[in-house]
Each structure stands twice: as C-alpha cells, then as structure tokens.
Amino acid sequence: MEAVPTRLPRPSALTPPIAHFLAEQFQSEADLHRSPDLEAELALRCSDLEDSLNDLRIRLSKSVVAYAVRSEEVGTLLDGVQKELFDLRSFLRGPSKGDGNIICGLERRDQILGDELPSLAKEVLRVETVQAYAETTLKLDRLIGDIEDAVSSSVTLKLKTPGAVKSEDVCMMTINSLKQIEDILASVTNSRPQWSRLVSAVDYRVDRALAMLRPQAIADHRNLLASIGWPPPLSSSNIIHPNPEASTDFTNPLLMTGNLKAKYCESFLSLCYLQELQKRRKSRQLSGHNLEIALSQPLWVIEELANPIMLSAQRYFVKWHDKPEFIFALVYKVTRDFVDSMDEILQPLVDKAMILGCSCREEWISTMVSSLSTFLSKEIFPNYANLLDGSSPSSDPSQTRFSWLQLVDLMISFDKRIHTLILNSGVVLSLTDVLNLQQVSTMSIFCDRPDWLELWVELELSEMQEKLRVAMDDEKNWKTIIGGILVEDYKSPAVSGSVVKCLSLLIDRSRPLPSIELRARFIRLAGAPISKKFLDSLLQRCQEAEGLTALADDDAILKVSHSINAARYFESVLTEWCENAFFLEMESMVKEEVDGRCIFDEELTMFKEFRIEWVEKITTVIIRGFDSLCREYLKSKRQWQEKSEGISLSRTFVGALDYLQGKISKLEDAMNGMDFVLMWRAVASGVDRLVFTGILLGTTKFSCSGLEILTADLEALFGVFSAWCLRPQGFFPRLSEGLKLLKMEEKHLENGGFGKNERWLREKNIKHLTVAEAEKILKSRI
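Starting from 1, residues in each chain are numbered consecutively following that chain's sequence as written. Under the rules for a predicted model, residues below a pLDDT of 70 receive no local features and side-chain atom pairs below 80 are neither given nor counted, while totals for whole chains, interfaces and linings still include all residues. The basis for every side-chain value is the complete set of non-hydrogen atoms in the structure, without hydrogens or water.

Participant: Lay out the overall build of the protein chain in plain terms, naming residues and giving numbers.
Facilitator: A tally of helices and strands in the protein chain yields 28 helices and zero strands. Partly exposed residues are those whose accessible area sits between 20% and 50% of the maximum for their type, while under 20% is buried and over 50% is exposed, using a 1.4 Å probe and protein chains only. Counting across all 782 residues of the protein chain, residues that qualify as buried make up 39%. Throughout, a residue-residue contact means that at least one pair of heavy atoms, one from each residue, lies within 4.5 Å. By sequence separation, contacts in the protein chain at least 24 residues apart represent 76% of the contacts at least 6 residues apart. Calculation of accessible area relied on Shrake-Rupley with a 1.4 Å probe; when residues are assessed, cover is drawn exclusively from the protein chains displayed. For the protein chain, the accessible area works out to roughly 44,400 Å², and carbon and sulfur atoms hold 54% of it. Numbering of helices and strands runs from the N terminus; a helix is a DSSP stretch of H or I covering at least four residues, while a strand is a stretch of E covering at least two.

Participant: So what about the packing of helix α21 (residues 601–629) against helix α23 (residues 651–670)? Which residues, and what values?
Facilitator: In this analysis an axis means a line fitted to C-alpha atoms, helices contributing only their contacting stretch, and an angle means the value between N-to-C directions, from 0 to 180 degrees. Contact geometry for α21 and α23: axes closest at 8 Å, N-to-C directions at 160 degrees. Taken together, the axes of α21 and α23 lie roughly antiparallel to each other. The hand of the α21/α23 crossing is right-handed. The residues of α23 that touch α21, namely those facing Ile618, Val621, Ile622, Gly625, Phe626 and Leu629, are Thr652, Phe653, Gly655, Ala656, Leu657, Tyr659, Leu660, Lys663 and Leu667. Residue composition of the contact of α21 with α23, grouped by class: eleven nonpolar, three polar and one charged. Convention used here: angles under 35 degrees read as roughly parallel, angles over 145 as roughly antiparallel, angles from 65 to 115 as roughly perpendicular, and any remaining angle as oblique. Take the far helix as the reference: if the near one is turned anticlockwise from it by less than a right angle, the crossing is left-handed, and if turned clockwise, right-handed. Under the grouping applied here, Gly and all other residues not named as nonpolar or charged are polar, the nonpolar ones being Ala, Val, Leu, Ile, Met, Phe, Trp, Tyr, Cys and Pro and the charged ones Asp, Glu, Lys and Arg.

Participant: Give me the lowdown on the side chain of Ser703, citing residues and values where you can.
Facilitator: Within the fold, Ser703 resides in the loop between α24 (673–696) and α25 (704–721). Owing to a relative accessible area of 11%, Ser703 belongs among the buried residues under this scheme. Excluding residues within four positions of it along the chain, Ser703 makes contact with Trp640, Gln641, Glu642 and Ile782.

Participant: Describe the pattern of salt bridges, naming the residues involved and giving the relevant values.
Facilitator: Any carboxyl oxygen of Asp or Glu within 4 Å of a side-chain nitrogen of Lys or Arg constitutes a salt bridge here. Overall, the coordinates contain 34 salt bridges when judged by the stated rule. In this structure, Glu182 and Arg284 form a salt bridge, with 2.6 Å as the shortest nitrogen-oxygen distance. Linking Glu182 in helix α4 (residues 167–191) with Arg284 in helix α6 (residues 258–285), this pair joins segments that are 102 residues apart in sequence. Among the residues examined, Glu182 registers a relative accessible area of 2% and is labelled buried. Given the relative accessible area of 15%, Arg284 is considered buried. Salt bridges sharing common partners tie together Glu182, Asp203, Asp207, Arg281 and Arg284.

Participant: So what about helix α8 (residues 300–317)? Which residues, and what values?
Facilitator: Compared with the 26 Å implied by 1.5 Å per residue over 18 residues, the 24 Å span of α8 between its first and last C-alpha is a close match. Those residues of α8 not exposed but buried are Trp300, Val301, Ile302, Glu304, Leu305, Ala306, Ile309, Met310, Ser312, Ala313, Tyr316 and Phe317. The inward-facing, buried residues of α8 abut α5 (196–227), α6, α9 (324–352) and α10 (360–389). Each residue after the first adds 1.5 Å to the expected span of a helix.

Participant: Summarise the nonpolar core; cite the residues concerned and give the values.
Facilitator: Throughout this description, the term nonpolar core refers to a set of buried Ala, Val, Leu, Ile, Met, Phe, Trp, Tyr and Cys residues connected via side-chain atoms within 4.5 Å. In this structure, Trp364, Trp404, Phe446, Met679 and Phe721 are the most contacted members of the largest nonpolar core, which totals 199 residues. If sequence neighbours within four positions are ignored, Phe721 has contacts with Leu660, Ile664, Trp680, Val683, Ala684, Pro728 and Phe732.

Dropping the structure here:
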C-alpha cells in the first residue's frame, strides 16, 4: 500500500525557535539530503530527555515520601516543644485562682528564674564554645595537615626525582592554605584571646612547615636565576677594565621571553606572597610592639638579585683596598644599570602581588647600598681604625688620617648620587624618615659604631683646629673688622669669622648622617671644642690686657672691646642657627638629651657670661677713674655753702666729666652697639650712685648759691650722656629726684609732715628714694 505523505504545517504556525533552528540547518536546497540524519539525531535526543524526565519523576516521588516522613517527625518534635513552652509559661505566670497550690507554684517559678535558667544559659554557652573550639581545631588541623603533607611530599619527591615536582605550584597551594590559617588565627586572637594555647600550637606547626618551605622556594628561585644567567659578568665594566677599547655593553638577564619568563614570574610571585604572609604573621604576633622596626626587611626577590652580584664584585673589592673610589664607582654603575629594569620589569609583578608601599627601585638601591655598607664595615673601616690606633708598626698616622677622611668624602658623594637615583622616580625622602634614610646611605655605618663616629669627629676636629690656630696666631685677624652689611654692627674682628666658618663646615659634614641623633652627637662633639678654644683665646687676650695696665690704658680697653665684639658676633650666629629648621628639628627629636633647649645652649651661656663679665670690668674701670678725678669735688663741703654772684661749673667735676665723655666716646667707636648700650647705662648707674652717695647723702648743707652750682654740675653731667639718649635724667634717678627735693618750695612740704609718709613721696613722683633718704636731703637745705 502506498504511504500517504504527511501534510507539512504552514510557516506561520511554527514558533520562532523552531523556525530559527530549521533556518540554520537548511540554509539551501543542497542541505535537504541531511534531513534523515537530522531526524534520527532529534529522535535520539528526545529519547534521552524522556529517560531523564522519568528519572526525575522517580526521584521526586521518593523525595516527597521522605519529606512526608520527616515532616511528621518534625511536627511531633514541634508539638513537644510547644507543650514544654506552654508548661514553662504556666509556671512563670503561676497557677489559676482556683488552684489551692499557689505558694508551691510561686516557689517553683522563683526556682526556675533564679537557678535553672542561668545555669541552663551557662551550659548552652559552654556547649557552643566547646563546639566552636572543636570546629576551629579540626579546621586548623586539616589545613596544617595539608600543608605538612604538601611540603614533605614535595621534598621527598625532589630528593628522589629532581625536577619532577613543580615547586611553584606546591608553594602557591601551601600559601593559600596558610592564608586561610592566618585568617582564622587573626579572628581567634581578636575574638577569643583565651585560646592562646591553640594559637601557639598552630604557630609552632606553621613555623616548622615554613622552615622547610622557604629554603626550598629560595633554592628553586636561585636555580632559576642561574638558568637565566644571573649574576651578569662584571668583566665587561669599564671600571674594571678602563681600556677604552674594552666593550662597555652588557646583557641584561632580566629581559626574558617565553616559558623562561613565565617560570620566573611564577617564582617571583610565590616568594612575594610568602614574604607578605610572613609579614602578616609577624604583625599579629608582635601586636603592641614597635612594628615599624620589627617588620622592616628587604624584599626577598630583590635580595636574591643583589646578593649574587655583590658576591661576584667582592673579588674585585679585595684588590681595591687602597683605591676605594673604584669600589664606589662599580657599585654605583651596577645599581644604575639595572634600576630601570626594576621599574619596568619587576614593579608590575610586585603590584600584582599586592605588596603595598613597595618600590622595586628603592628596594634594589637600598639592598645594594646595604651590601656595600656591610663590606665597608667589615673590611675597610676596621683596617683604618687599627692603623689609627697604632696597632700596625708600619702605619703612617698622617696618611691614615687622610685615607679615612677621603673615604668619608667618597661615602658622602656616593650617597648624594644614590639619592639622585631615587629622586628620579619621584620619591621624596624626608629627613624624619630615619629608617628609609639609613637604608639608602652608607653613612649608616656610624649608627652601629658610635666609636667610629667619635674617631671621625676627632680627625675632622684636629684638621679644623690646625686651621684655627693659624688664624688666631695672626694678629692682623684681631685688628681687621669683618665686612658685610649684616655684620658691620658687631664690629667683630676677622678671626671670629674664621671660627664661624670652621664650625659651619663641621656642621655641614654632619648633614649627610642619616640619623638626627647622630647629627646631634657629631655637632656636640665637634662644636664644643671649637667654641671652648675660641672662648679661651678671647679670655686670654682680655686677661693679658688686664694684667699689663689694669685696663687703665685705652689700647687695653680697645683690646677687650674687640674680644667682647667677637663673643657677641659668635653668640648671635649660634642663636640664629638655633632658629634654623635643621636645629629646630634636631631639638624636637632629641628632647631628652638637650632638655628642650638649643643644642648650643651651653656655648651661648658661656659667651654671654664672658661678655657680661668684661663689660662690667670696663664699667668698673671707668667709674673708678671718674671717682679718682672727682674725689676732691665730692669731699668738699664748703663749696655748697658759699655765696657767689655768678654761677660757674666746678673745675674738678668738669675734668671728671671730660674723662668720662672721652672714655665712652672711644668705646662707642670700638664696641658693638648692643654691648655699648649696656656699658654706658651701667656707667650712668654707677655715677648716679657715686655722686648721690657722696653729695646728697653726706653731711653737706646747701645754700641757694650752692644749689644753683649743683644744678649746673648735674646739668653738665646729663649733657654728657645726652649724646646717647634723648632724656638722660632718666638714667640718673637718684640725682634727679634728690635735686627735685632740694628745689621743692616750702608750701609743697605740708609743714614738714613728709617725714614718715611714703604716700607723700608717691604723690610727688619720688620712686627711687626712701623716706629716710628724702628726709635727710630736705634737712640739708639752708
């Protein structure tokens, strides 16, 4: 029988997915021959789907049955819980009014509230704590077990078949487990501090695993570095071979490609992850301590680059003990040649490892500088120190001192060039960032060896003191005045400028030291002897002038004035330095040592006391000379009682005033302005006291003519000092007020009732005389 053809559906009756499927399968008429195969494939897929659907139906029916059974069990449990809660509520509310056991119900409720509920809560909390402890312990034990198994199996397989195990994969798997352990321990440390024994036990096992993992990872990394040709040969350097025909080109092993680059990146990242994990563990274990110092360590991967190349360079270093400039030049060249590779090749890997605040450029530079510092501290400086001590019979002290100072100069120059390399990356080193400065400075050697610092200061000081000795022995330097707009007012001799220059040079030598405490110690060790030597020289010159003429000679006074000027200028320079940011920072950082004062406070005190002492001596000499010239004038009593027709000055007093004016005028030209003001004011005070005591407080009686003579004499005295002030009477308070009382009219004396009345003195603006002195002066009037 002939088959009846199946009627095809209309295109509009097909759903969009079916239409899209058919369009993809039959894109042209040539594709129609594939229809039987497509039909068979669709039939097979439908059969598979039906089988899967039947399986799902069976599983669903089983799940429904199991759920029904479980639901009945849960329902039964909930009914029991509801009954228990109902009973508990009945106990808490107490029995009904009809119940006769009210007292028993109340007692039972109190017992539940007071005893059973707290104990039940404690028991529940204890069970939860035990459960949490057990879960945490099991989880930690599983993770640590995985780590121990991975590390031990890796080591075993590597011993049997080297290269069979990919250490980077083992290291990364272990690091992931370690991170999970560290997260748990950090949480336990913060939330469960009483579980300290568990934390200690875990740390012990982790430390044992890391003690095997880290050396293995580093050894694998070193093998990988050796395979890429690290360290590069140094024989091509133009420092080792200064021959211009020698090649200065070098190959950079860090420029890797392909599979070798991928292996190096994996090893690099695994070491970075491992170090960061170690740092995190240390941070947790040392919580509450100085983490900045404890956690500061160089990057391991950079150390593995720097150490081999420095080890290769040391075979050249040992030949250059007498030529340290070659050592610094080679280290700087190697550091500079690879510093760009650190930025371009390794820094992206460090960023990928998410190590915050880490610069490969700084790490590379600091590691190279640290290696150089270690070599200098072990090989070069001890040799120089032994030669300076005279331990070697063939040592030449002068040559050794020169070599030591030359070595320090090379270190300072090297550090400046190294800082330039760092600054090229845009990083600014702060003077207060002591750790960073020490890591990139060869001068950090003196941080660990303060005895070498003292030895260096002695060498610098001996050289400066020799220069000062030559300058101080030249008499011209004591007579020549320093020029310049800022220093003309001090009228200081040129020798003080030489001292300031020497001290400034010593301070500049301390600036490259990476520690503020070291700089302060250097300045104290160097500044105190220089200042003391200068002060001793000033004191010696003043004592020589005093011993020869007792300062009665003008030349002697001028000599002392020059010394005072030098002390004033030196003191002003030290004061200005103390206000500089360099010394203010030093003062704030070493408060305990300087007691919150300037570092030159002792020197400032010594020079100030010197100035005051010798200004007082000059003042005493002038007042003594004035006293000797007007002694007859002060002793004469009759001149104040005699009557005279014309008013004239006393001859002896005029001579004394002429002496006074001449001395002070010469000192005005010779002495600096500030000390000159102190001097003439002290002279005025001494003269005021001398004349007041000799005339007004004596047994002198004043007639009207005598009072007029005294007034004229005192006006002449005031006139002498009018050249240096506008109102000289204010510097002679006793004489001015005594003369005021002598001239006071009778009507102002209130019938003599002033004798014991201090209020009367205040009303008359008499401030510097006592009542007894005022009464005696008024009684001396005739």
